[in-house]
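Commentary on secondary and tertiary structure
Here is how the chains run, residue by residue.
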Amino acid sequence: MNGVWVATMHSENFDWVAVGKTEKEARNAIAKEWNKSEYSEPMTLKKLQEYYGIHCRVIEFGQCEWN
């Protein structure tokens, strides 16, 4: 792979974006930051995925995506 994994999650108040070398690393980065936030109740990665949905994709270096 010549790119990075990008994970995104949308909560009631924030949009969360994380980057990782693997899909797991990107998803875990969102969970880690979520649980450090003073604005959110602690949740496991599994609960975050069930409640909010964490979407992942690979973006190759030099590539742009927009929506």
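About the cut-offs
- Residues numbered from 1 in each chain as written.
- Predicted model: local features only at pLDDT ≥ 70, side-chain atom pairs only at ≥ 80, totals over all residues.
- Heavy atoms only, no water.
- Helix = DSSP H or I, 4+ residues; strand = E, 2+ residues; numbered from the N terminus.
- Buried < 20%, exposed > 50% of the residue type's maximum accessible area, 1.4 Å probe, protein only.
- Contact = heavy atoms within 4.5 Å.
- Areas by Shrake-Rupley, 256 points an atom, 1.4 Å probe, with all protein chains shown as cover.
- Salt bridge = Lys/Arg side-chain N within 4 Å of Asp/Glu carboxyl O.
- Pairing = 2+ DSSP bridges.
- Axes fitted to C-alpha atoms, helices over the stretch in contact; angles between N-to-C directions.

1. Some remarks on the overall build of the protein
Check the secondary structure of the protein and you find 2 helices and 3 strands. Secondary structure elements in the protein, listed N-terminal to C-terminal, are β-β-α-α-β. With the C-alpha coordinates aligned to their principal axes, the bounding extent of the protein is approximately 35 × 25 × 20 Å. Taking all 67 residues of the protein together, 31% fall into the buried category. When contacts within the protein are restricted to residue pairs at least 6 apart in sequence, long-range pairs at least 24 apart make up 42% of them. In the structure as shown, the protein presents an accessible area of about 5100 Å², 52% of it carried by carbon and sulfur atoms.

2. What about the pattern of salt bridges?
Applying the stated criterion across every chain, the model contains 3 salt bridges. Between E65 and R57 there is a salt bridge, with the nearest N and O atoms lying 2.6 Å from each other. For E65, a relative accessible area of 37% gives the class partly exposed.

3. Remarks on the sheet that holds strand β1 (residues 3–10)
Pairing within the open sheet is antiparallel, and its 3 strands lie in the order β2-β1-β3. Bordering the open sheet on either side are β2 (15–20) and β3 (55–60), each of which pairs with just one other strand. On average, each strand axis in the sheet is inclined to that of its neighbour by 25 degrees, with strand direction left out of account. The sheet contact formed by β1 and β3 spans 6 bridges and is antiparallel. Looking at the pairing, A7 lines up with C56 of β3.

Note that all results are geometric; they support no functional claim without further evidence.
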